[in-house]
Amino acid sequence: MTSGEREQRLAFLGLTEDDAQLLRALRPVLEPQVDAIVETFYAHLLKFPATAELLRDTVTIARIKQIQRDYLLRITEGIFDEAYFANRLRIGQAHERVGLSSRWYLLEHGLLFNLLTPLIRQHFTGDPGRADATIAALEKVFMLDAALATEAYIASDRHRHLQQLDSIVNDSADVIFSLDMEGHFRSWNRAAERVFGWLSEEILGRHLSEIIPPELLRQGELVQIERDILGHGHCHLETRRLAKDGREVPVEVMVSLLRDPQGNPIGRSAILRDITERKRLEEDKLQSERLAVIGTMSARLAHEIRNPLSSVTLNLELIRDEVAALTHQNPATGGEARELLRALDSEVKRVQRVTEDYLKFARLPRPRCQPVALNELLDQQLGFMNSSFAANHVKLVTDFAGNLPVLQADEDQLWQAVLNLIRNALEAMPTGGTLTVRTAARDGWVGLSIADTGKGMTEEERQNLFKPFFSTKVGGTGLGLPLTQQVVVEHAGTIRCESAPGTGTTFVIELPTQ
Ligand code: ADP
Ligand code: MG
């Protein structure tokens with residue numbers, strides 16, 4: 001509080017040097033009685049639950065008594081300077097903190113006043129005029145103190161209120177920021193820092209366009225938002241925003257007009273929700289719906305193709321026999337026909353393989369779970385593949401955990417899932433390498449990893465791995481990994497992939513043991 005503000009309050013009450021002098025003269029009267037007054041005051045506080053509640057322990061009681069004693073003696077010093085004001089404001093804040101409402105604080109002053117006036121009258125019995133003047137001076141001081149206490153209460157209250165607002169904004173899970181009329185950032189909460197990677201001190205003062213993807217700016221998204229705000233006072237939309245590192249974040253946005261207390265527009269406030277996760281779920285759902293349709297369709301298609309295909313294969317055999325018979329006499333002839341037949345045969349085989357892939361995927365039944373000892377299953381099935389590994393110049397390394405719990409799983413499907421990973425691994429190592437198959441146990445989960453030393457994949461490939469029909473291979477169906485994922489998910493497990501170009505790929509499947 002400035003000295004001007006102090007003067008103003010003293011002048012308003014008419015608290016003058018004369019009053020101060022009268023109060024100073026009170027000191028010899030008050031000093032011997034101060035303990036008795038404080039005791040009476042304290043006894044009175046005990047009679048009322050709201051005040052008695054505060055007097056629970058001896059330390060508090062002693063402190064309150066000391067504060068009252070100091071206060072009464074301080075009044076009789078008759079000095080109302082900066083230190084006095086500061087002290088009164090502090091006492092008010094302290095009362096607010098211990099939870100004594102301003103009402104009780106003011107009533108306490110009334111009580112003290114009632115305790116003091118009879119003493120003054122008694123002391124100045126021979127001089128009623130002096131008694132009245134002293135009581136009037138005392139009243140002014142008490143009024144001043146009550147006013148200061150009220151100010152302290154209001155200030156604390158506002159402070160708490162602001163803190164609360166601050167924490168609502170800052171601890172919000174949603175991004176909240178505000179803009180001035182020109183579109184410069186004026187506030188930026190913690191969620192905004194988290195989602196967009198801009199610290200508030202970096203972005204304040206910058207323009208909103210920092211977080212708008214350039215093509216949306218060009219398409220006039222901001223103009224559209226402004227039009228809505230001016231029309232309805234707010235605007236709600238789903239769009240994308242730009243993080244500091246250039247990442248685009250899908251968001252739901254609510255922009256409102258900010259007004260000053262007189263109702264003049266002073267800017268915009270925006271609440272943004274990061275909907276990456278929601279988008280992903282929607283995408284997944286769409287994907288699985290699409291997949292279901294494709295599944296049924298391709299199953300029918302594959303089914304329809306299968307029979308004509310077998311007859312094509314059969315007829316090829318017959319033609320080959322015919323050609324063989326016709327060229328029996330002279331094997332040098334018919335070479336070209338034989339070559340063509342071989343090519344046809346290999347193409348037909350490919351179509352058959354693709355058809356089988358589709359059928360397997362579309363007809364994947366619900367898993368029939370039985371106890372499965374994973375290590376034994378792998379050991380046995382990998383054993384059957386030895387010749388295949390040798391042909392591909394692939395060295396198999398196994399590292400099985402000793403005490404692997406038994407899984408509840410569909411053994412056929414599980415192996416099918418693993419086999420797809422192994423096939424991919426072999427295909428990723430066309431000139432050979434090492435295939436490492438590991439199992440591990442971790443509380444409630446069994447882990448299985450398949451690692452190759454093959455060509456690895458780019459980040460983009462990694463992102464698209466599990467999408468049906470995604471394939472980088474000539475003649476690949478892109479159905480192997482979706483099938484593997486489907487099996488894992490139906491076993492309540494998870495699958496993830498770590499890979500980098502040139503260093504190889506590791507797939508990790510984790511399955512719950514319960
Ligand atoms: P497909 O094998 O028919 O291509 P998948 O669903 O099995 O279909 O695999 C999809 C794609 O994922 C592959 O085409 C390949 O690009 C990539 N991929 C899968 N496994 C590996 C691996 N071990 N190393 C490198 N790329 C892989
Ligand atoms: Mg595959």
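Here the structure is shown first, and the text comes after it.
Residues numbered from 1 in each chain as written. Chains lettered and ligands numbered in written order. Predicted model: local features only at pLDDT ≥ 70, side-chain atom pairs only at ≥ 80, totals over all residues. Heavy atoms only, no water.

*Asks:* Can you explain the overall build of the chain? Please cite residues and give values.
*Replies:* Of the regular secondary structure elements, the chain holds 20 helices and 12 strands. On C-alpha atoms alone, the chain measures out to a radius of gyration of 43 Å, which is more than a quarter above the 24 Å that the 2.2 N^0.38 rule sets for 514 residues. With respect to the principal axes defined by its C-alpha atoms, the chain has extents near 155 × 60 × 35 Å. By the burial criterion, 39% of the 514 residues in the chain qualify as buried. Relative to all contacts within the chain whose residues are 6 or more apart in sequence, the contacts with residues 24 or more apart total 63%. Carbon and sulfur atoms make up 55% of the accessible area of the chain, which amounts to about 29,400 Å² in all. The distance from the centre of the 58 positive side-chain charges to the centre of the 71 negative ones in the chain is 1 Å. (Helix = DSSP H or I, 4+ residues; strand = E, 2+ residues; numbered from the N terminus. Rg over C-alpha atoms; globule rule 2.2 N^0.38 Å. Buried < 20%, exposed > 50% of the residue type's maximum accessible area, 1.4 Å probe, protein only. Contact = heavy atoms within 4.5 Å. Areas by Shrake-Rupley, 256 points an atom, 1.4 Å probe, with all protein chains shown as cover. Lys, Arg positive; Asp, Glu negative; His and termini not counted. Charge placed at Lys NZ, Arg CZ, Asp CG, Glu CD.)

*Asks:* Any chance you could break down the pattern of salt bridges for me, citing the residues and the numbers?
*Replies:* Using the criterion set out here, one finds 36 salt bridges in the structure. With a shortest N-O distance of 2.8 Å, Arg 241 and Glu 221 are connected by a salt bridge. Here the residue Arg 241 occupies a position in strand S3 (residues 234–242), and Glu 221 occupies one in helix H13 (residues 221–232), the gap between them amounting to 20 residues. With respect to class, Arg 241 is no different from Glu 221; both count as buried. (Salt bridge = Lys/Arg side-chain N within 4 Å of Asp/Glu carboxyl O.)

*Asks:* So what about the packing of aromatic side chains? Which residues, and what values?
*Replies:* The tally for this structure, following the rule as stated, stands at 10 aromatic pairs. Between Phe 80 and Tyr 84, the ring centres sit 5.0 Å apart and the planes meet at 85°, which makes this aromatic pair edge-to-face. A relative accessible area of 13% places Phe 80 in the buried class. Taking the relative accessible area as the measure of exposure, Tyr 84 reaches 0% and is therefore buried. Pairwise contacts between aromatic rings join Phe 177, Phe 185, Trp 188 and Phe 196 into one cluster. A cation sits over an aromatic face here: Lys 65 above Tyr 42, 4.4 Å from the ring centre. In this structure, Lys 244 packs its charged tip against the face of Trp 198, placed 5.3 Å from the ring centre. (Phe/Tyr/Trp six-rings, centres within 6.5 Å; stacked < 30°, edge-to-face > 60°. Lys NZ or Arg CZ within 6 Å of the ring centre and 35° of its normal.)

*Asks:* With reference to specific residues and values, describe the environment of Gln 122.
*Replies:* With respect to the helices and strands, Gln 122 occurs in helix H8 (residues 102–123). Its relative accessible area of 58% is what places Gln 122 among the exposed residues. Each C-alpha atom of the pair Gln 122 and Gln 21 lies 19 Å from the other, and the pair is 101 residues apart in sequence.

*Asks:* Now, about the sheet that holds strand S10 (residues 445–452): what can you tell me, with residues and values included?
*Replies:* Taken in spatial order, the five strands line up as S7-S9-S10-S12-S11 in an open sheet, and their pairing is mixed. Whereas interior strands pair on both sides, the edge strands pair on one side only; in this sheet they are strand S7 (394–399) and strand S11 (494–500). Each strand of the sheet is rotated relative to its neighbour by a mean of 15°, with strand direction disregarded. (Pairing = 2+ DSSP bridges. Axes fitted to C-alpha atoms, helices over the stretch in contact; angles between N-to-C directions.)

*Asks:* Quick rundown of the site of ligand 1? Include the residues and the values.
*Replies:* Asn 424, Asp 452, Ser 471, Thr 472 and Lys 473 are the nearest of the 21 residues found near ligand 1. The side chain of Asn 424 places a nitrogen or oxygen atom 2.7 Å from an oxygen atom of ligand 1. Contacts to ligand 1 include Ser 471, whose side-chain N or O atom sits 2.6 Å from an oxygen atom. About the coverage of ligand 1: the protein hides 96% of its 530 Å² of free accessible area. (Near = heavy atom within 4 Å. Polar contact = N/O pair within 3.5 Å; in protein donor to acceptor, adjacent residues only side chain to side chain.)

*Asks:* Give me helix H16 (residues 374–384): which residues, what numbers.
*Replies:* For H16, the complete set of buried residues consists of Leu 374, Asn 375, Leu 377, Leu 378, Gln 381 and Leu 382. For H16, the arc enclosing every buried residue in end-on projection is 160°, short of the 170-degree limit, so these residues lie on one face. More than 90 degrees from the buried face of H16, the exposed residues found are Glu 376, Asp 379 and Phe 384. (Arc of directions from axis to C-beta.)

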